[in-house]
Amino acid sequence: MSKGLRGIEAGETSICTVGETENNLLYRGYNVIDLSQNCVFEEVCFLLLNGKLPNSSELKGFTKNIFSKRTIPKSLISVLEKIPKETNPMDVLRTTCSFLGNIEPEKSFDNQMNCAERLLGIFPSALNYWYHFSHSGKKISIENDSESIAGHFLSTLYGKKPSETEEKVMNVSLILYAEHEFNASTFSARVCAATLSDFYSCITAAIGTLRGPLHGGANEKAMDLISQFKDEEQAAKSIYSMLENKELIMGFGHAVYKKLDPRNDIIKSWSKKLSVGKINQKLYDISCRIESIMKEKKGLFANADFFHASAYNFMDIPTKLFTPIFVCSRVSGWAAHIIEQRSNNKLIRPGAKYVGSDPLDFVPINERV
Ligand code: COA
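Caption draft 1: Examining the overall build of the protein chain more closely. Regarding its fold elements, the protein chain presents 16 helices and three strands. Principal-axis analysis of the C-alpha atoms places the extent of the protein chain at approximately 75 × 55 × 45 Å. Every one of the 369 residues in the protein chain was classed for burial, and the buried ones make up 52%. Accessible surface for the protein chain amounts to roughly 17,900 Å². Of this, 52% is attributable to carbon and sulfur atoms.

Caption draft 2: Looking closely at the nonpolar core. Residues Tyr27, Leu119, Phe123, Met170, Ile203, Ile290 and Ile317 are the most contacted members of the largest nonpolar core, which totals 108 residues. With residues up to four places along the chain from it excluded, the contact list for Met170 reads Ala150, Phe153, Leu154, Tyr312, Met315, Ile317 and Ile325.

Caption draft 3: Focus on the layout of surface pockets. In this model, the largest pocket occupies a volume close to 1,500 Å³. As for the largest pocket, its lining consists of 50 residues, and the residues nearest its centre are Arg6, Asn183, His254, Ala255 and Val256. Elements with a contribution of two residues or more to the lining of the largest pocket: strand 1 (16-17), helix 9 (184-194), helix 14 (282-298) and helix 16 (322-343). Per-element tally for the lining of the largest pocket: the top contributor is helix 9, with three residues. Among the residues forming the lining of the largest pocket, the class breakdown is 23 nonpolar, 15 polar and 12 charged.

Caption draft 4: Just the environment of Pro73, in detail. Within the secondary structure, Pro73 is located in the loop between helix 3 (56-67) and helix 4 (74-82). It is 30 Å that separates the C-alpha atoms of Pro73 and Asn219, two residues lying 146 residues apart in sequence. When residues no more than four places from it in sequence are discounted, the contact partners of Pro73 are Leu100, Ile103, Glu104, Arg118 and Ile122.

Caption draft 5: The arrangement of unusual backbone geometry in detail. We note that Leu5 has phi near 55°; this positive angle belongs to a residue other than glycine. If you trace the backbone, Leu5 turns up in the segment before strand 1. According to the relative accessible area criterion, Leu5 is partly exposed, its value standing at 47%. Backbone geometry places Asp316, a non-glycine residue, at a positive phi of 60°. Counting through the fold element by element, Asp316 comes out in the loop between helix 15 (306-314) and helix 16.

Reading the values: rules and limits
- Residues numbered from 1 in each chain as written.
- Predicted model: local features only at pLDDT ≥ 70, side-chain atom pairs only at ≥ 80, totals over all residues.
- Heavy atoms only, no water.
- Helix = DSSP H or I, 4+ residues; strand = E, 2+ residues; numbered from the N terminus.
- Buried < 20%, exposed > 50% of the residue type's maximum accessible area, 1.4 Å probe, protein only.
- Areas by Shrake-Rupley, 256 points an atom, 1.4 Å probe, with all protein chains shown as cover.
- Core = buried A, V, L, I, M, F, W, Y, C linked by side-chain atoms within 4.5 Å.
- Contact = heavy atoms within 4.5 Å.
- 1 Å grid on protein atoms, 1.4 Å probe; cavity = no way out; pocket = protein on both sides within 12 Å on 5 of 7 lines; lining within 4 Å.
- Points joined across faces, edges and corners; volume = space filled by probe spheres on them.
- Nonpolar A, V, L, I, M, F, W, Y, C, P; charged D, E, K, R; others polar.

The following block contains the structure:
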């Protein structure tokens, strides 16, 4: 038996491989480093969903579809307006997805691509609508304009257009988070899809799974960690003592990678660039110090989440929105996996090693102690 199903091949996929060797994270055969340097997020979504990179007219058609699917229906607006400020924003996206399944049900699997585009379009709108309304009572307007998903997310958050660099980094970030083979949330989506359930149920299950701090929630926990320290020395002292107490340091380690996470160098270098001239520039140096202690003491490397924390913070993104951004991205990968699962389906139902009692004689209620 393998605890946590480590090392078990639980199915086939042609969408992604995390690779055995270094820097070998491939989406449909393309290296994530090349994609993050040369593509916009929409190209990567098309690639994941359709199995090929789009030509210019395919990309134009695809992005136009997503732009037209940003609008929030009135009934969903009234749901969003009822969700309190204190709610975890992951729950807001889970509710958005689930409620959309009520008012715009999938009806037939022929509609699956439409559902994928709808969720790619609406998640940033719904998240930022709720965020502004619940925190300041402001009702932001959602335009079906031609801004990229990255640009749309940032301008609905900031209330103004992002800088070119901010939009570029958000594109890179969405690409890095888009897909990662049979990770926990994708596996949840596939288990749900394998029962022939509807698209919205599959994505709702995935959001609930991504929410946990051992998975997507790690980027927020990493931010909580680095923001506690006033300088590198204080960080070092605290990390040594946390390690002595066998505490987990969020943003380090990985269930599959053993030497490095290929996404780390990319987001780390953007974090460094973004830090220049910021009042809280030290967050980058503190992060680097923690990274080197983790290497030296535990042989552990930063995963994709660790430097995302400082990068997002330099972009003035509230910490509570870090994991929801992961949803806005990973919905592309989840959607591709739902479509793939349905195309060659078998109900997913593993066995379990029984460690319970031997058969017992039944005891009537009045004889039980
Ligand atoms: N901080 C401190 N120690 C860690 C660690 C971390 N982030 N990640 C792993 N370790 C330690 C474990 O305690 C264990 O030590 P032990 O052998 O002395 O018991 C050893 O490294 C192996 O860890 P293990 O839990 O078997 O690895 P895993 O493959 O099951 O877990 C994670 C992978 C991602 C769940 C784990 O590394 C973790 O919890 N990381 C923090 C959360 C995180 O960043 N999640 C995002 C992942 S992309």
